[in-house]
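Here's the letter readout for the chains.
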Amino acid sequence: FCAVSSASARLATPGQGAYAAANAALEQLTREAKAAGRRVAVLAYGPWRDTGLTRTVPELVRRQWLDQGIILLERDTAKAAFAQVIAGALRDTMVA
């Protein structure tokens, strides 16, 4: 299976401590599933363009993201990464 996580579990994202911790816990569960012999992949998405909270993110945060090399994902890019994980072409991938 594919666990969809957030890049916030791997990146320092101001104001996202609890969210990052929850995603880190999800990723730990997948590591345990792998250790038990299950086929598991993790896809950690960065922020998507024009969806959810990214519509209201302050400009300062957007600049911080750019400084970290994070760009807003296009839907087609995010969907293509998911398709590659499901097809087995990618494993434990962060798309940000």
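Residues numbered from 1 in each chain as written. Predicted model: local features only at pLDDT ≥ 70, side-chain atom pairs only at ≥ 80, totals over all residues. Heavy atoms only, no water.

A. Summary view of the side chain of Thr93. Looking at where Thr93 falls in the secondary structure, it is placed in strand β3 (residues 93-95). Here Thr93 falls in the buried class, since its relative accessible area comes to 14%. Setting aside anything within four residues of it in sequence, one finds Thr93 in contact with Arg10, Val42, Leu43, Ala44 and Val85. (Helix = DSSP H or I, 4+ residues; strand = E, 2+ residues; numbered from the N terminus. Buried < 20%, exposed > 50% of the residue type's maximum accessible area, 1.4 Å probe, protein only. Contact = heavy atoms within 4.5 Å.)

B. Fine view of the pairing of strand β2 (residues 41-45). Of all five residues in β2, five are buried; the element is thus mostly enclosed. Two elements, strand β1 (residues 2-6) and β2, share five bridges in a ladder whose sense is parallel. In the strand pairing of β2, Cys2 is matched with Ala41. Note that β2 and β3 share three bridges and pair parallel. The residue of β3 that forms the bridge with Tyr45 is Val95. (Pairing = 2+ DSSP bridges.)

C. Region of interest: the nonpolar core. Counting nine residues, the largest nonpolar core is built from Cys2, Ala41, Leu43, Tyr45, Leu73, Ala78, Ala81, Val85 and Val95. When residues of this core are traced back to their parent elements, those giving at least two are β2 and α3 (75-87). Filtering out sequence-adjacent residues up to four positions away, Ala81 remains in contact with Leu43, Leu90 and Val95. (Core = buried A, V, L, I, M, F, W, Y, C linked by side-chain atoms within 4.5 Å.)

D. Spatial organisation of the sheet that holds β1. As summarised here, the arrangement of the three strands in space is β1-β2-β3, forming an open sheet in which the pairing is parallel. The two strands at the open ends of the sheet, each matched to only one other strand, are β1 and β3. Strand-to-strand twist of the sheet, defined as the mean angle between neighbouring strand axes without regard to direction, takes the value 20 degrees. The sheet strands contacting helix α1 (residues 17-35) are β1 and β2, and the helix crosses β1 at an angle near 155 degrees. The sheet contacts of α3 involve β1, β2 and β3, and relative to β2 the element is tilted by about 170 degrees. (Axes fitted to C-alpha atoms, helices over the stretch in contact; angles between N-to-C directions.)

E. The arrangement of the environment of Ile86 in detail. By secondary structure assignment, the location of Ile86 is in helix α3. Accessibility expressed as a relative area gives 51% for Ile86, which makes it exposed. The spatial distance from the C-alpha of Ile86 to the C-alpha of Val40 is 9.8 Å, given a sequence separation of 46 residues.

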